[in-house]
Amino acid sequence: MGLTPLPLLDEARHARGADGEHRVHTSVVIPAPAEQVWQVLTDFERMPRWSPSLLGVRGPWQHGAAVVVWQQLMGEAWVLPQVLQLGPGLRFGWSSWWHGDYSRVRDEHVFELQSLAPGLTRLVQRDRFHGPDAAALGEPLARAALADYARFNRALRDEVVARSLREPPELQQAVVVLLADLQATGQVQAGIQPAAGARLGRDGR
């Protein structure tokens, strides 16, 4: 029986279509379940602490809703009104025209999570720049997006791994059960928890 090939860990490519549109495709494999990756990916309150590009999405979390997207792209901060796109499964993105000099370039941005195996998820982040000025102005947008999205993907992977180490659900549940047992036997007073990293003896000290 042959070995199953390992998934490509990091991928980043840019393609230009015959009609002048530009497509950016990036992906990264993250050692965590898709639901866990989704939780970090859509935690927009904490996103500015670790993300180098996407800084948040504000607005109703429903398909077709008007939202505002905060981004760092091409060395500048962009606050862009967008139309939220929610797909089946763990997938979201936005669609809108850009602004200023790029107002005749349309952006179709997508994040998608693909479960590869238990505890292994591929994040795909892709973009399509098209419209009347895409042939002339899509190139700098696509090249900047390619680099920024690849950095974001790696930062997301690092954040997911870091959170799983800081906040492992199984360990949290085990601590809750242990404290409940100790409180029930009177070894630990209610509302008092042992210091992090402290080791409890048989007598609770």
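Anything mentioned here points back to the structure above.
As the structure is a prediction and not an experimental result, all values here were calculated from the model.

Draft legend 1. Structural view of the pairing of strand β8 (residues 120–130). Judged by how many residues are buried, β8 sits mostly within the fold: eight of eleven residues are covered. Pairing of strand β7 (residues 106–117) with β8 involves eleven bridges; the strand directions are antiparallel. In the sheet register, A117 faces β8, and the bridge partner there is L120. In this antiparallel pair of consecutive strands, β7 and β8, the connection spans two residues, and G119 shows a positive phi of 80 degrees.

Draft legend 2. Just the side chain of Q71, in detail. Tracing the sequence through the fold places Q71 in strand β4 (residues 66–73). For Q71, a relative accessible area of 6% corresponds to the buried category.

Draft legend 3. Geometry of helix α1 (residues 34–41). Taken as a whole, α1 has its buried residues at A34, V37, W38, V40 and L41. Projected onto a plane normal to the axis of α1, the buried residues spread over an arc of 165 degrees and lie on a single side. In α1, the exposed residues that point more than 90 degrees away from the buried face are E35 and Q39. In this structure, the buried residues of α1 make contact with β2 (22–30), β6 (91–97), β7, β8 and α2 (134–166).

How each quantity is defined
Residues numbered from 1 in each chain as written. Predicted model: local features only at pLDDT ≥ 70, side-chain atom pairs only at ≥ 80, totals over all residues. Heavy atoms only, no water. Buried < 20%, exposed > 50% of the residue type's maximum accessible area, 1.4 Å probe, protein only. Helix = DSSP H or I, 4+ residues; strand = E, 2+ residues; numbered from the N terminus. Pairing = 2+ DSSP bridges. Arc of directions from axis to C-beta. Contact = heavy atoms within 4.5 Å.

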